[in-house]
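# Reading the structure
Each chain is listed here by its residues.
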Amino acid sequence: MAQKTVLVADDDAAIRSLLRQVLQDEGYVVQEAATGVEVVDKVKENGPDLVIMDVRMPELDGIEALSRVKATSPKTSVLIMTAFGSSNAAIRAMELGAFDYVTKPFELDKINYTVSKVFEYQDLAAEVEVLRGEISTLVQTERIVGNSPAMQEVYKTVGKVAKSDATVLVTGESGTGKELVAEALHYNSNRRAGPLVKVSCAALPETLLEAELFGHEKGSFTGAMTQRRGRFEMADKGTIFLDEIGEMSLQTQTKLLRVLQDHKIERVGSSLPIKVDLRIIVATNKDLQKQVEQTKFRDDLFYRLNVIHINMPPLRERKEDIPALVEHFLAKHRYSATAQPAAISEEALRRLMEYDWPGNVRELENVVERAVVLSRGQIITSRELPFGDHEGDHDEDGTDELPSEKSFFKKSVAQFEKDLIMKALRDATGNRSKAAEMLGIYRRLLYAKIKEYGLEGYPPKGR
Ligand SMILES: Nc1ncnc2c1ncn2[C@@H]1O[C@H](COP(=O)(O)OP(=O)(O)OP(=O)(O)O)[C@@H](O)[C@H]1O
Ligand SMILES: [Mg+2]
């Protein structure tokens, strides 16, 4: 592995050289910076793996430098040093994406330990990215989003078993992404050129499900007017996904067991075995083990299905995935085909993080999609969320917050734009047509921007 590079930033030269010493002893390549501006420049130049910096620095303080570092080099981790007791700066630093913070005076052991954690984490993240890269380059349907440890376990298992023909049992609460995992398994297998056939065992009554799965001969039951191939036959050379397997009747279970054992099926009304070459993936939100105990599910079938088990973690146990999922759904559900993704206020995102999501990712997706519509694709505040009251989502002047989105760039541009518009409105003494002309933009665009920035009453009359 390449040597790790660390940029040490502090206006105190003694601290810099102390850290340099310690880190070089550990085998890292160390650079120094004495000001926030220097930090930003050096990060731009050579994107170090880690920046350790003091919050208090001349020219540009550590917090501001942090947000610029994150904007130019997202892969660079940042450790912040704060004076003991300045928890505000520490909290802000964590919000802006700092890896961790240490309070001064610090023990060198603690620094060493934290730095090793950073690099351990980076290596793990890189490994996951490779795995996910393999998945997302191939998966044609939905991308699976989420980087929590629990989801990383899922990616690892998918990566390991996709190429085998092993039967996979996917369990998890409703809306956790079981079907997405089934798709990922198929599209990353050697069967991806073949069909992925999906059947929900809960959608059909018993006899119809059997005919659907196995096909039937003409006249084999009332309504079977013609001969028909079943889903198992259709899935030949591909994968069959049996969803809600917990709903399957005992009789159909017996037939399924035979498919697993002999790789053969018989159409309803025929005793001619037909060979099928398929991989079986099943999913359920029920506890199959319990169903076995209650003799609602055959134990021999259960063991055959449970060769590889992937359990999807509920969203409430991996809330750290929520921001990335929200971003994903904002991009997926645009207000119109040509619209930019909507943005979300910090307060609204906080609300989403606080909620427990009994309907898991599906519920989150629905909430985001609805909010995009209600906000007309602009900025989602807690008013657009179905969580009742929504105090606190205003600035003191009653306008919406600007999107906090990690992007320092977006924020700066928005602020600049707002300032320009305010100036034009002042210069035109509130005459919007004139202001639009001065700005060289269409009036309609100006109106939209006025609304976006809450400048309806600007400039205040009587001045
Ligand atoms: N990790 C994820 N990343 C992106 N989208 C996701 C993720 N998990 C779920 N989704 C989306 O949420 C919705 C529900 O997912 P899916 O249908 O796979 O859930 P499920 O576990 O099969 O639920 P159910 O048991 O209710 O059928 C889908 O629109 C899916 O695209
Ligand atoms: Mg499903």
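The paragraphs below set out a description of the structure included in this document.

Rules behind the numbers
- Residues numbered from 1 in each chain as written.
- Chains lettered and ligands numbered in written order.
- Predicted model: local features only at pLDDT ≥ 70, side-chain atom pairs only at ≥ 80, totals over all residues.
- Heavy atoms only, no water.
- Salt bridge = Lys/Arg side-chain N within 4 Å of Asp/Glu carboxyl O.
- Helix = DSSP H or I, 4+ residues; strand = E, 2+ residues; numbered from the N terminus.
- Buried < 20%, exposed > 50% of the residue type's maximum accessible area, 1.4 Å probe, protein only.
- Pairing = 2+ DSSP bridges.
- Axes fitted to C-alpha atoms, helices over the stretch in contact; angles between N-to-C directions.
- Near = heavy atom within 4 Å.
- Polar contact = N/O pair within 3.5 Å; in protein donor to acceptor, adjacent residues only side chain to side chain.
- Areas by Shrake-Rupley, 256 points an atom, 1.4 Å probe, with all protein chains shown as cover.
- Nonpolar A, V, L, I, M, F, W, Y, C, P; charged D, E, K, R; others polar.

## Some points on the pattern of salt bridges
Using the criterion set out here, one finds 31 salt bridges in the structure. One salt bridge connects arginine 267 with glutamate 233, and the closest N-O pair in it is separated by 2.9 Å. You can see arginine 267 sitting in the loop between β11 (264-266) and β12 (273-275) and its partner glutamate 233 sitting in helix α9 (residues 231-234), a full 34 residues away along the chain. Each member of the pair, arginine 267 as well as glutamate 233, is classed as buried. Note that aspartate 356 is salt-bridged to lysine 319, the shortest N-O span being 3.4 Å. Placement of the pair is aspartate 356 in the loop between α14 (346-354) and α15 (360-374) and lysine 319 in the loop between β14 (308-311) and α13 (322-332), with a sequence separation of 37 residues. Classification of aspartate 356 as partly exposed rests on a relative accessible area of 45%.

## Let's talk about the sheet that holds strand β2 (residues 29-33)
The pairing of strands in a sheet comes from backbone hydrogen bonds and takes either a parallel or an antiparallel form. Ordered by their spatial adjacency, five strands build an open sheet running β2-β1-β3-β4-β5, and the pairing between neighbours is parallel. Edge positions in the open sheet fall to β2 and β5 (100-104), since each of these has one partner strand only. Neighbour-to-neighbour, the strand axes of the sheet open up by a mean angle of 20°, direction not taken into account. As paired elements, strand β1 (residues 5-9) and β2 share five bridges and run parallel to each other.

## A look at the site of ligand 1
The immediate surroundings of ligand 1 are formed by 19 residues, with Val145, Ser174, Gly175, Lys178 and Arg362 found nearest. A distance of 2.5 Å separates an oxygen atom of ligand 1 from a polar atom in the side chain of serine 174. Take glutamate 179: an N or O atom from its main chain is 3.1 Å from an oxygen atom of ligand 1. Within the complex, 88% of the 630 Å² of free accessible area of ligand 1 lies under protein. Contributions of two or more residues to the shell around ligand 1 are made by α7 (178-187), α13 and α15. Tallied by class, residues from the shell around ligand 1 come to six nonpolar, six polar and seven charged.

## Quick word on helix α3 (residues 62-72)
Buried within α3 are the following residues: Gly62, Ile63, Ala65, Leu66, Ser67 and Val69. Of the residues flanking the start of α3, the one acting as N-cap is aspartate 61, its side-chain oxygen 3.2 Å from the backbone nitrogen of isoleucine 63.

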